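As a plain string of letters, each chain reads:
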Amino acid sequence: FYPDYDTAWPEAGCSNKLPLPFPRKNDRPSYKTHLACCKGAYGGQMSGVCLSQLPSPPTQSPISSKGYGYYRDYSVAWDVGTCINTLPLPIQVTK
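Remember, predicted model here, so these are calculated numbers, not experimental data.

Definitions and limits used
- Residues numbered from 1 in each chain as written.
- Predicted model: local features only at pLDDT ≥ 70, side-chain atom pairs only at ≥ 80, totals over all residues.
- Heavy atoms only, no water.
- Core = buried A, V, L, I, M, F, W, Y, C linked by side-chain atoms within 4.5 Å.
- Buried < 20%, exposed > 50% of the residue type's maximum accessible area, 1.4 Å probe, protein only.
- Helix = DSSP H or I, 4+ residues; strand = E, 2+ residues; numbered from the N terminus.
- Contact = heavy atoms within 4.5 Å.
- Disulfide = S-S within 2.5 Å.

Caption draft 1: Structural view of the nonpolar core. Residues Ala12, Cys14, Cys37, Cys38, Ala41, Tyr42 and Cys50 constitute the largest nonpolar core, which totals seven residues. Considering each element in turn, this core owes the most residues, four residues, to helix α1 (residues 34-42). Among all residues touching Cys37, those that are not within four sequence positions of it are Phe1, Tyr2, Pro3, Cys14, Tyr31 and Tyr42.

Caption draft 2: Representation of the state of the cysteines in the model. According to the stated counting rule, one finds two disulfides in the structure shown. In this model, Cys14 is linked to Cys37 through a disulfide, with the two sulfur atoms separated by 2.1 Å. Across the disulfide from Cys14 to Cys37, rotation about the S-S bond amounts to roughly -85°, and the bridge is consequently left-handed. A residue pair is termed long-range when its members are at least 10 positions apart, and Cys14 in strand β2 (residues 14-15) and Cys37 in helix α1 qualify at 23 residues. The pair Cys14 / Cys37 is uniform in exposure class, with both members buried. Across the disulfide, Cys38 is cross-linked to Cys50 (sulfur-sulfur distance 2.1 Å). Looking down the S-S bond of the Cys38 and Cys50 bridge, the torsion is -85°, so its handedness is left-handed. With Cys38 in helix α1 and Cys50 in helix α2 (residues 49-52), this residue pair connects regions lying 12 residues apart in the sequence. Under the relative-accessibility criterion, Cys38 is labelled buried at 3%. Classification of Cys50 by relative accessible area gives buried; the value is 1%.

Remember, this is a structural readout, not a statement about activity or role.
Right, dumping it as structure tokens:
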């Protein structure tokens, strides 16, 4: 994958289309995966265009199949905790 330098940075993403749109392979960085390209070439891109082009793009606020978002696992200490989406919701979490 390589970054699309022909498009403005906020609207650009990564591609692996051939033929390459530049003369020499070393004219642009290349990455093994689409995600690596987005992180390397478009890290901090506020528009999220590059990440939105992934086959399974991340979302800003993940929602479980049960219709609830993810929340902190209050059963463990904060520094080792993760997010969960199990039901029933603990009293600290509201829908």
